[in-house]
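Each chain, written out:
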Amino acid sequence: MGKSQKKRLMRRHNPMRVPDSHLPAGLAPAESSSTKKDAILPIIQKMESPDVAERKWACVAVSNLIQNDPSTRRLLQGKNVVGALITRLSDSEEEVWIEAAGALRNLCIDGGYDICAEMYNKNILAPLKTFVPKISTILSRFLESPKNAPENAKKVVYEFADNVITILWCLSETSNKALNAINQIDLIPFLMSFLASRDKLPVSTVVAAAQSLYVLTDDNPPTIDEVRCNAAYSSCLLDIIRIDESIQGGKGKHVAEDRFATLKVLCCGILGNVSPLPPSSAASTLDVNNDLILPLLQPIISSVSLEEVAQQVQELVTRQANEPLAMENLSLKNTPKSDHRSPTELDLERLENRLRTVQLALEILTGACATLPDPVSNVPNDDNDDKELEGILPEDAEMDDDMDEDMPLDENIPSREDTKTSSLALLPTLVQPLLTLVQPTSLSFPPPSSSSVHPPTTSALGAIHVSAFECLNNIFLSLSTSPNLELTAKEDAGRGVWAELWIALAKVGIDIAPGQERKQEIWEIAVGALWGIGNIWKATLVPDEEQVQILIKICDSSADAQVHVKCIGTLECLAQHPDFIDANRAIASYLLSILPSVTAPSMKGTEPLIQAVSALIDIYSDERLPYDINFRNGKYHERLAESVDGVKKVVRAIDRRKERDLKLRGEEVRDNLVAFIKYRKGLRF
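What counts, and at which threshold
Residues numbered from 1 in each chain as written. Predicted model: local features only at pLDDT ≥ 70, side-chain atom pairs only at ≥ 80, totals over all residues. Heavy atoms only, no water. Helix = DSSP H or I, 4+ residues; strand = E, 2+ residues; numbered from the N terminus. Buried < 20%, exposed > 50% of the residue type's maximum accessible area, 1.4 Å probe, protein only. Contact = heavy atoms within 4.5 Å. Areas by Shrake-Rupley, 256 points an atom, 1.4 Å probe, with all protein chains shown as cover. Disulfide = S-S within 2.5 Å. Salt bridge = Lys/Arg side-chain N within 4 Å of Asp/Glu carboxyl O.

The next subject is the overall build of the protein chain. Check the secondary structure of the protein chain and you find 30 helices and zero strands. Burial status across the protein chain gives 54% buried among its 685 residues. Sequence-distant contacts, at least 24 apart, represent 79% of the contacts inside the protein chain between residues at least 6 apart. Put simply, the protein chain shows about 29900 Å² of open surface, and 49% of that area lies on carbon and sulfur atoms.

Written out as structure tokens, the structure reads:
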């Protein structure tokens, strides 16, 4: 079993805020559902107006028009709004290209990959590259002589820098071609200058620079090498992580604190991306995962109640419905700025930012959990012993305050005094908050074939659930690859975690409508976590009939061979409970159906077939178990013998040069199959 599951290739760190996947393809469905379609043509026309005020108005109007409205955004795309805005980046009037950058930034964040790809293909990098030195020059002047810089001028430049930086980091996730082009701009000194001057700049602009650095250092060797080799950069990042006071700036203490928390999380992620650091670095002696990432990020993922956030958002959306729409007040004489937000919108934005910080922390922890050290078999009796376990094994396995009171794990969790002997004491402390974060809320998914009442919140909640499952997946795969008898013996803990995951998955459901693709993503990650748990507590988890059928359905409906492998592996673990003979028969029947026959090849891919053969051998390797009656009565040895030639053919077809590990495993399973059939025949039952 491998540790899946940090998706590196073109993973969007900022998932699409306002998806349009619930809409059928094409412009007609968007036109029928948009309430603002009549405003689109005047905006496009004014974008080309000789009047500066009209061009500026048009750019601002785009930002207001697309807000939480995927239908109108699609219609604007159909009118080439992206090309028109890119043209305005070269406008002769400064205020026009500043507003155009803001509109393009909002399109990037709300619309995701497709819009970013369109921007790259329409050569947005040409004007953006010219802005980077201009911003650097102006900022240097402001920082050197702050008294000579008018406040309104500084505000404009800071917001413009924020927009340009955000567009660049969104583009960097569009394709390898776009990333390579951005690597040529020499952005790292530019971005690090914002972090170095953090005490003199608005926190939102500094966070944008850190977000860009985080994305650019994710599996991108040129940027990693540049950051890693500069000791001043790592010292700056470490200083931000360790500082306790928040940056000055923002409209309110809580906003500043929330954004500063995001900044610290991002800096942890950057250091995690570029580690190990060279000896010359101030952080070279630190274990980034254990000394920085786990201690800082665990409290962040434990600090939020998703149910409370969903409830607050519902209340704010209800209040917002009674407020006038921005477009109603939009005129040439009364043009709001593109970043204009009502008090209700600011509250919604604050909640969304908090959710995004949690999601970001989970994403970073997922990578850390893939390399967690193996837990020791003896839990320390003294808080001062085994300092290596700090942040990995719990000193206090008490449930998080936000956990539901009726959770199955509650009965297994003792009081603070009994913590050291808890059945959960050998599980990483991350498990409990993660089990809370996988539980869906009323806003986690949009209604079938419709849009959420607040798409950004739904997008953020869905991303949190996915990331929490990814984290659990890596934790349990890590634990399952290093057998620990004391952990395995805590069967109540295993059954409790298993039950809690299925409670979450029952809320997710298996009926997936257009626009609810996040549900499918959750299932495909969750089966990996289930497989890891199954391997740790094999033969002790009760094979519930409904759960077995769901795993079979997921296996059959997914097009991903790795999902097939995980489902088969999980079913293998469930089939080995000695007391559930009927469940064993149902699972074995399904696994046998995957095998090739004399007349037909396997309907699954190479890896799922190898996993199914291995599973059947493992399940029936001990003929003394009660469920072995199924093997004998069902004459499974005959079906296995029939599959041998087909299995050999599949293994022979694996290219050793391209898939060496798979070839070796296939050959091993093929040889085991032949030996197993011979062994079973020799028993002469």
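Within the sequence span of helix α7 (residues 113-121), burial applies to Ile 115, Cys 116, Ala 117, Glu 118, Met 119 and Tyr 120. Those residues of α7 that are buried are in contact with α4 (70-78), α5 (81-88), α6 (94-111), α8 (125-144), α9 (151-171) and α10 (176-183). At the C-terminal side of α7, Asn 123 shows a positive phi close to 65°.

On to the state of the cysteines. A covalent bond between the sulfur atoms of two cysteines is referred to as a disulfide. Applying the stated criterion across every chain, the model contains zero disulfides. Residue Cys 108 stays outside any disulfide, its sulfur separated by 3.9 Å from that of Cys 116, the closest cysteine. Looking at Cys 108, the relative accessible area reads 0%, which means it is buried. Between Cys 567, a free cysteine, and Cys 555, which holds the nearest cysteine sulfur, the sulfur-to-sulfur gap is 4.8 Å. Looking at Cys 567, the relative accessible area reads 0%, which means it is buried.

Applying the stated rule across the entire model yields 23 salt bridges. The salt bridge involving Arg 319 is made with Asp 347; its shortest N-O contact spans 3.9 Å. Remark: Asp 347 occurs in helix α18 (residues 343-369) and Arg 319 occurs in helix α17 (residues 306-320); sequence separation between them is 28 residues. For Arg 319, a relative accessible area of 44% puts it in the partly exposed group. On the basis of relative accessible area, Asp 347 is assigned to the partly exposed category, the value being 28%. Asp 628 is the partner of Arg 632 in a salt bridge, and the nearest nitrogen-oxygen pair spans 2.7 Å. Taken as a pair, Arg 632 and Asp 628 lie in helix α28 (residues 628-633) at a separation of four residues, close to a single helical turn. Judged by its relative accessible area of 29%, Arg 632 is partly exposed. What makes Asp 628 buried here is its relative accessible area of 0%. Within this structure, Glu 48, Arg 55, Arg 88 and Asp 91 form a network of salt bridges that share partners.

Tracing the backbone shows Glu 226 in helix α13 (residues 221-228). Taking the C-alpha atoms as reference, Glu 226 lies 7.7 Å from Ile 188; in sequence the two are 38 residues apart. In contact with Glu 226, other than residues within four places in its own chain, are Asp 186, Ile 188, Pro 189 and Tyr 233.

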